[in-house]
Protein chains: 2
Amino acid sequence: MRDAFHDDLDAINQTLVDMSALVSDAMAHATTALLTANLELAEEVIAEDDRVDTIQHDLDNKTLEVMARQQPVASDLRNLVTSLRMSADFERMGDFAHHIARIARMRYPSSAVPAELALTIQSMGNVAVALNNKVTGLLTSRDTEVALQVERDDDEMDKLHRKLFEVLLDDNWAHGIETAIDMTLLGRYYERFADHAVSVSRRVYFLVTGEYAEKQS
Amino acid sequence: MRDAFHDDLDAINQTLVDMSALVSDAMAHATTALLTANLELAEEVIAEDDRVDTIQHDLDNKTLEVMARQQPVASDLRNLVTSLRMSADFERMGDFAHHIARIARMRYPSSAVPAELALTIQSMGNVAVALNNKVTGLLTSRDTEVALQVERDDDEMDKLHRKLFEVLLDDNWAHGIETAIDMTLLGRYYERFADHAVSVSRRVYFLVTGEYAEKQS
């Protein structure tokens with residue numbers, strides 16, 4: 001029975017790895033769609049989000065079914081409950097990629113992002129994807145050093161977010177209110193995506209060590 | 001044993017009711033602090049958010065402990081897992097009240113909200129609080145009719161959110177980029193608070209009926 005149970009745990013973890021890889025891809029594609037005004041790619045990201053939602057739904061049912069059947073205690077129970085939380089994080093991260101793709105679609109055939117912010121947004125996209133790629137590896141390696149790195153890497157996102165606001169608030173801003181609204185929302189979507197990646201890495205850290213990670217700086 | 005278990009379930013549910021009432025209050029106070037530039041009230045809301053986080057943390061530990069001890073199956077297990085999700089919703093709703101209070105504090109002694117948007121923001125605050133007060137009642141009554149009402153009431157929030165953007169995008173907008181950024185973020189915080197209230201009411205609906213509520217309009 002214990003072997004069947006651990007097969008179940010492995011299968012659940014593999015699905016989390018797949019979800020994480022999917023939302024990294026979605027985020028990379030959403031950023032490209034946004035910066036190159038690529039409507040087709042934006043539509044793909046938007047359609048793909050339903051797939052993430054379906055995977056989450058099926059995974060949560062599977063996890064509940066394993067809980068009911070195997071009656072785990074202690075660390076096994078904590079592991080399964082944490083899986084439910086991680087799948088919710090990934091589902092939400094998929095939403096943010098979807099929101100970004102919708103802004104790309106809404107402004108097509110223009111690019112939503114003015115030239116002077118293209119590099120900042122591209123960097124936010126890169127940091128978001130790199131951060132979450134580390135999280136994907138972490139789900140298998142459970143390497144607490146990497147979990148702490150993810151925390152530190154998130155500081156880069158905060159810096160980029162502040163830079164975005166500096167440009168918006170500069171007297172030379174010449175793109176009006178609508179673009180400022182888009183940029184405000186985009187900044188938040190990238191930051192929140194990264195927050196959820198950090199949240200997953202904290203959950204891994206806690207599962208491994210039984211303690212909460214100290215804030216890294 | 002079953003009686004002790006149901007006492008545990010009741011205690012968990014009562015804590016959710018308390019959390020829900022706390023975040024309704026936080027949201028009401030945050031809105032007042034914002035519109036009246038009341039620094040003291042803003043600080044209170046900001047400090048109070050730690051209390052919500054602590055309650056969530058303790059409640060989740062208690063819920064896990066009950067799961068491990070009682071080994072529930074079927075509807076009891078689903079109930080407990082749903083409690084974990086609801087506590088996460090309320091924790092997040094507390095965050096939004098906290099974010100709103102921080103904007104109030106950041107713009108003090110001015111009010112962050114220009115006069116022409118005060119009524120819209122006040123209405124968003126009212127709808128958010130009224131919606132969540134229904135949710136608080138729902139946690140005890142489990143009345144599916146009220147759950148469906150909550151879905152419908154959320155449409156009012158969407159209308160107010162659109163109205164906010166109309167004012168921001170009007171050619172007569174005279175308050176510059178910084179205020180437009182504040183209003184964009186505020187709009188999102190109110191809307192997301194309401195989304196989480198709807199999400200809790202959907203979870204109640206599902207627990208009672210075993211089915212997902214159809215989108216109401």
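Residues numbered from 1 in each chain as written. Chains lettered and ligands numbered in written order. Predicted model: local features only at pLDDT ≥ 70, side-chain atom pairs only at ≥ 80, totals over all residues. Heavy atoms only, no water.

J.: Just give me the short version of the overall build of chain A, but keep the residues and values in it.
T.: Across its full length, chain A holds six helices and zero strands. Counting helices and strands in the order they occur from the N terminus, chain A gives α-α-α-α-α-α. The C-alpha atoms of chain A give 19 Å as radius of gyration, which agrees with the globular expectation for 217 residues (17 Å, within 12%). Summarising its shape, the C-alpha atoms of chain A cover approximately 65 × 40 × 20 Å along the three principal directions. When the 217 residues of chain A are sorted by exposure, 54% land in the buried category. Counting only contacts in chain A whose residues sit at least 6 apart along the sequence, the fraction spanning at least 24 positions is 85%. Taking the average place of the 21 positive charges on the side chains of chain A and the average place of its 38 negative ones, the gap between the two points comes to 4 Å. (Helix = DSSP H or I, 4+ residues; strand = E, 2+ residues; numbered from the N terminus. Rg over C-alpha atoms; globule rule 2.2 N^0.38 Å. Buried < 20%, exposed > 50% of the residue type's maximum accessible area, 1.4 Å probe, protein only. Contact = heavy atoms within 4.5 Å. Lys, Arg positive; Asp, Glu negative; His and termini not counted. Charge placed at Lys NZ, Arg CZ, Asp CG, Glu CD.)

J.: Go over the interface of chain B and chain A, please, and point to the residues and values.
T.: In this assembly, 32 residues from chain B lie in contact with 32 residues from chain A. Connecting chain B to chain A are two salt bridges. Residues arginine 85 of chain A and aspartate 60 of chain B are paired through a salt bridge, measuring 2.8 Å at the closest nitrogen-oxygen approach. Summed over the shared surface of chain B and chain A, the number is four residue pairs in polar contact (both at pLDDT 80 or more). For the side of chain B that touches chain A, the secondary-structure elements that each account for two or more residues are α2 (39-70), α3 (74-107), α5 (144-169) and α6 (176-209) of chain B. With ten residues, the top contributor of residues to the side of chain B that touches chain A is α6 of chain B. When its residues are assigned to classes, the side of chain B that touches chain A shows 19 nonpolar, six polar and seven charged. (Salt bridge = Lys/Arg side-chain N within 4 Å of Asp/Glu carboxyl O. Polar contact = N/O pair within 3.5 Å; in protein donor to acceptor, adjacent residues only side chain to side chain. Nonpolar A, V, L, I, M, F, W, Y, C, P; charged D, E, K, R; others polar.)

J.: Help me get a handle on the confidence of the model for chain A, residues and values and all.
T.: Considering every residue of chain A, the mean pLDDT works out to 95; 98% of them sit at 70 or more. As a predicted assembly, this complex carries a pTM of 0.96 together with an ipTM value of 0.94. (pLDDT = per-residue confidence, 0-100.)

J.: Account for the environment of alanine 97 of chain B, with residues named and values stated.
T.: All names here are of chain B. In this structure, alanine 97 sits in helix α3. A residue is classified by how much of its surface remains accessible, and alanine 97, at 0% relative accessible area, is buried. Beyond its immediate chain neighbours, meaning those up to four positions away, alanine 97 contacts Ala26, Met27, Ala30 and Val45.

J.: I'd like a description of unusual backbone geometry, backed by residues and values.
T.: Look at the link from tyrosine 108 of chain A to proline 109 of chain A: it is a cis peptide, with omega at 10 degrees. Along the polypeptide, proline 109 of chain A turns up in the loop between α3 (74-107) and α4 (115-141). The phi dihedral of arginine 142 of chain B is positive, around 50 degrees, even though this residue is not glycine. Relative to the helices and strands, arginine 142 of chain B resides in the loop between α4 (115-141) and α5.

J.: Can you explain the relation of the copies chain B and chain A? Please cite residues and give values.
T.: Note on the chain copies: they are related by a rotation about an axis and a translation along it. Under the fitted operation, chain B is carried onto chain A by 0.0 Å of movement along the axis and a turn of 180 degrees, and the coordinates agree to an RMSD of 0.0 Å. Interpreted geometrically, this transformation is the action of a two-fold axis. Interface residue correspondence from chain B to chain A reaches 100%, placing this contact among same-surface, isologous pairings. (Least-squares fit on C-alpha atoms with pLDDT ≥ 70 in both.)

J.: Explain helix α6 (residues 176-209) of chain A residue by residue, including any values.
T.: An ideal rise of 1.5 Å per residue puts 50 Å on 34 residues; α6 of chain A measures up with 49 Å between its terminal C-alpha atoms. The buried count for α6 of chain A comes to 27 of 34 residues, which makes it a mostly enclosed element. (Expected span 1.5 Å × (residues − 1).)

J.: Now, about the layout of surface pockets: what can you tell me, with residues and values included?
T.: Residues and elements named next belong to chain A. Put simply, the second largest pocket is a space of about 150 Å³. Taken together, Leu9, Asp10, Ile12, Asn13, Leu16, Asn79, Thr82, Ser83, Met86, Leu139, Arg142 and Leu207 form the lining of the second largest pocket. Elements with a minimum of two residues in the lining of the second largest pocket: α1 (2-36) and α3. Here the lining of the second largest pocket is composed, by residue class, of six nonpolar, four polar and two charged. (1 Å grid on protein atoms, 1.4 Å probe; cavity = no way out; pocket = protein on both sides within 12 Å on 5 of 7 lines; lining within 4 Å. Points joined across faces, edges and corners; volume = space filled by probe spheres on them.)

J.: Pulling in residues and values, what's your account of the packing of α3 of chain B against α4 of chain B?
T.: Residue and element names in this part refer to chain B. One can describe the packing of α3 onto α4 by two numbers: an axis separation of 14 Å at closest approach and a directional angle of 155 degrees. When the axes of α3 and α4 are compared, the pair comes out roughly antiparallel. In this structure, α3 meets α4 at a crossing whose hand is left-handed. Each of Met86, Phe90 and Met93 in α3 lies in contact with α4, whose residues at this interface are Asn132, Val135 and Leu139. (Axes fitted to C-alpha atoms, helices over the stretch in contact; angles between N-to-C directions. Parallel < 35°, antiparallel > 145°, perpendicular 65-115°, else oblique. Left-handed = near helix turned anticlockwise from the far one by under 90°.)

J.: I'd like a description of the side chain of threonine 184 of chain B, backed by residues and values.
T.: In this fold, threonine 184 of chain B is placed in helix α6. For threonine 184 of chain B, a relative accessible area of 0% gives the class buried. A polar atom in the side chain of threonine 184 of chain B sits 2.7 Å from the backbone oxygen of alanine 180 of chain B. Those residues within four positions of threonine 184 of chain B in sequence are excluded, and the remaining contacts are Ile181, Thr184 and Leu185 of chain A together with Phe165 and Leu168 of chain B.

J.: Could you give me a rundown of α4 of chain A, with the residues and numbers involved?
T.: Counted at 1.5 Å a residue, the expected span for α4 of chain A with its 27 residues is 39 Å, and the 40 Å between its end C-alpha atoms agrees. Once α4 of chain A ends, the next one or two residues include arginine 142 of chain A, with phi positive near 50 degrees.

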